[in-house]
Amino acid sequence: MNLFNLNPRNTAATNHSMETREINVSLAEILNTSKVSFKEEAIMQIPIVSECIDKIATQIASMPVHCFIEDQNGIVKRQLHDYREFLLNDESNPFTGAYELKYKIAKDMLLHGKSYVYLEKQGHKILGLHHVDFLTVSEKVCTNNLGIVQSKDIFYTLNNRVLTADSTNFLIFESGKEGILHAKEVIEIFQKYNISVKCAIDSVATPSGILSANGRLTKDAVERLRKSWEQMYNGTRSSAKTVILEEGLSYKPLEINLDNINSTELKKSLVEDVQRLFGLYDIKNYDEFLKLCLSGPINAFECSLNRALLLEREKRAGYFFRMDCSELLRPQTKEMYELASLAVKSGFMSIEECRKYLDMERWYSDESYDVLTTSLGNVFQSKDGTIQIPNMGITV
């Protein structure tokens, strides 16, 4: 594989070929028109786009992230008081809350398909998480002779400082697809529609029509008449002014039909197309919203956290991060108590386990008093005819 080539001549040749390839790739990216996308500020002014992004990003930012471990028997236990949970759920750094950070990450993934977070480290311990603006980031990829990526250098700007760091110092979130900013046709049509409606409204306020004169006007006279007409009647604030015509002039108004421009069906179709881009079209309830729309971003979020925040020995030991979706589907108080009561009566959970589920204090200080409720109504019968009464410990 020639991964560790000690020949300086071969190394120089490899570096030269890599530099040449990087220049070619850079030129291709510059000249390739398919890379052209819309500006974030412009697209966020479209109400339906802003609404869809806020709906998804708000839910992801509201989910707490917990650290778990799965042992060799497949039993999963939560690792309480893991210091990384504080960074992901409370305070990402001394000046940024975790909600704000997760919201920006989700927004970047929806708009660009990718998001970068710088890891402030001291040894192996992570001290803080710092969001990096996607538009300031560029990557330099180094590969071996087989084209396999060996390392990445990240060039970025953080708090107006231009910096460079290895990719291991970053928490990189990737959705696996390009963001909404690359859906040029739908967004461009929607922008043109909004511009057309705005221009039509402005035009209605200005008297539009045909001015005719008894005699032939010179070119200077026509220009002078046009400028004076626009200065007098242009703009919505001039819509109530009375039109005063000079002697020998007549005016024939031209009507603009806003019904053809501000078509309800056209706007509805455009809104549905934008909702399809976000996976929000025809979502009927919250359960569908979680499964069809949020499941992908949540999985990408968890994979990125596991890859960047866990040590290699922790990965081998079965550690992993999981976003708590139960917060989104938390039932009402009455439903929660009914579920807890059913779990206790059926022997599925103990009283103390249900009280913990309801965020209540322990009733018994001694754990030995915490028991399961069972009944004598069920027995086990094997194929050989043996009957067991598990609650009494009797075999017949």
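This text gives an overview of the structure that appears in the document. Every chain begins its residue count from 1, and numbering advances along the sequence as written. A pLDDT threshold of at least 70 governs which residues receive local features in this predicted model, and a stricter bar of 80 or more applies before side-chain atom pairs are shown or counted, although totals over entire chains, interfaces and linings include all residues. Derived side-chain values reflect all non-hydrogen atoms in the structure, with water molecules and hydrogen atoms excluded from consideration.

Quick look at the overall build of the protein chain
Using the following cut-off: Going along the chain from the N terminus, every DSSP run of H or I of four or more residues is numbered as a helix, and every run of E of two or more is numbered as a strand. Note on exposure labels: buried denotes an accessible area under 20% of the residue type's maximum, exposed denotes more than 50%, and partly exposed covers the range between, all computed with a 1.4 Å probe on protein chains only. The accessible surface values rely on the Shrake-Rupley method and a 1.4 Å probe; as for residues, cover is taken only from the protein chains in view.
Tallying secondary structure elements over the protein chain gives 13 helices and 16 strands in all. Within the protein chain, the proportion of its 396 residues that are buried is 28%. Looking at the protein chain as shown, the accessible area adds up to about 26,900 Å², and 53% of this sits on carbon and sulfur atoms.

Some details on the sheet that holds strand S2 (residues 76-78)
Note the cut-off: Strand pairing follows a simple DSSP-based rule, namely that at least 2 bridges must link the two strands. A fitted line through C-alpha atoms serves as each axis, taken over the contacting stretch for helices, and the angle formed by two N-to-C directions is quoted from 0 to 180°. Any two residues whose heavy atoms approach within 4.5 Å at even a single point are treated as in contact.
Pairing is antiparallel in the open sheet, where three strands are placed in the order S2-S1-S13. Strands with a single pairing partner mark the edges of an open sheet, and in this sheet they are S2 and strand S13 (319-323). Pairwise comparison of adjacent strand axes, ignoring direction, gives a mean angle of 40 degrees for this sheet. Inspection of the sheet shows strand S1 (residues 65-70) paired to S2 by three bridges, in the antiparallel sense. Looking at the pairing, Glu 70 lines up with Val 76 of S2. Strands S1 and S13 of the sheet are contacted by helix H10 (residues 286-309), whose axis makes an angle of about 150 degrees with S13.

Some details on the nonpolar core
Here is the rule: Definition used in this section: a nonpolar core is a set of buried Ala, Val, Leu, Ile, Met, Phe, Trp, Tyr and Cys residues joined via side-chain atoms within 4.5 Å.
One finds Val 49, Ile 56, Phe 278 and Leu 305 to be the most contacted residues of the largest nonpolar core, which totals 48 residues. In terms of residue count, the dominant contributor to this core is H10 (nine residues). Ignoring anything within four residues of it in the chain, the contact list for Val 49 reads Ile 43, Ile 187, Val 274 and Phe 278. Membership of the second largest hydrophobic core comes to nine residues, among which are Tyr 116, Ile 154, Tyr 156 and Phe 170.

Observations regarding helix H3 (residues 47-62)
Defined as follows: Here the expected span of a helix is defined as 1.5 Å times the quantity of residues minus one.
For H3, with 16 residues, the first-to-last C-alpha span of 22 Å sits near the 22 Å given by 1.5 Å per residue. All of the buried residues along H3 are Ile 48, Val 49, Cys 52, Ile 53, Ile 56, Ala 57, Gln 59, Ile 60 and Ala 61.

Some remarks on the environment of Asp 370
With respect to the helices and strands, Asp 370 occurs in the loop between helix H13 (351-357) and strand S14 (380-381). Under the relative-accessibility criterion, Asp 370 is labelled partly exposed at 25%. Residues Asp 370 and Ile 351 lie 19 residues apart in sequence; the distance between their C-alpha atoms is 6.7 Å. Once you skip the residues sitting within four places of it in the chain, Asp 370 turns out to touch Ser 350, Ile 351, Glu 352 and Glu 353.

Overview of the sheet that holds strand S5 (residues 114-122)
With antiparallel pairing, three strands are arranged side by side in an open sheet as S6-S5-S10. Whereas interior strands pair on both sides, the edge strands pair on one side only; in this sheet they are strand S6 (125-132) and strand S10 (170-174). Pairs of neighbouring strands in the sheet enclose a mean axial angle of 25 degrees, with direction left out of account. Pairing analysis gives seven bridges linking S5 to S6, with the strands arranged antiparallel. Counted as the bridge partner of Tyr 118 is His 130 from S6. Against the sheet, helix H5 (residues 98-111) contacts S5, S6 and S10, and its axis sits at roughly 145 degrees relative to S5. Those strands touched by H10 are S5, S6 and S10, and its axis lies near 155 degrees from that of S10.

Comments concerning the environment of Tyr 364
One can find Tyr 364 in the loop between H13 and S14. What makes Tyr 364 partly exposed here is its relative accessible area of 31%. For Tyr 364 and Ile 351, which are 13 residues apart along the polypeptide, the C-alpha to C-alpha distance reads 9.6 Å.

Topic: H10
The criterion, for reference: In this analysis the local bend is the angle between axes fitted, respectively, to the seven residues ending at and the seven residues starting at the residue. Here a polar contact means two N or O atoms within 3.5 Å. Within protein one must be a hydrogen donor candidate and the other an acceptor candidate, and residues neighboring in sequence count only if both atoms are side-chain atoms.
With 24 residues, H10 should cover 34 Å at 1.5 Å per step; its first-to-last C-alpha distance of 30 Å lies more than 12% under that length. Along H10, the sharpest change in direction is near 60 degrees and occurs at Leu 294; proline Pro 297 comes one to four residues later. The N-cap of H10, judged by a side-chain oxygen 3.1 Å from the amide nitrogen of Asp 287 a few residues on, is Asn 285.

Some words on the packing of H3 against H10
Rule in force here: The labels follow the angle: roughly parallel below 35 degrees, roughly antiparallel above 145, roughly perpendicular from 65 to 115, and oblique for the rest. Note on convention: near helix rotated counterclockwise from far helix by under a right angle means a left-handed crossing. Clockwise means right-handed. For this classification, the nonpolar set comprises Ala, Val, Leu, Ile, Met, Phe, Trp, Tyr, Cys and Pro, the charged set comprises Asp, Glu, Lys and Arg, and every other residue, Gly included, is treated as polar.
Between H3 and H10, the shortest axis-to-axis distance is 11 Å and the interhelical angle comes to 65 degrees. One element, H3, and the other, H10, form an angle in the roughly perpendicular class. Viewed along their axes, H3 and H10 form a crossing whose handedness is right-handed. Of the residues in H10, those in contact with Lys 55, Ile 56, Gln 59 and Ile 60 of H3 are Tyr 286, Phe 289, Cys 293, Leu 294, Pro 297 and Phe 301. For the contact of H3 with H10, the residue count by class is eight nonpolar, one polar and one charged.

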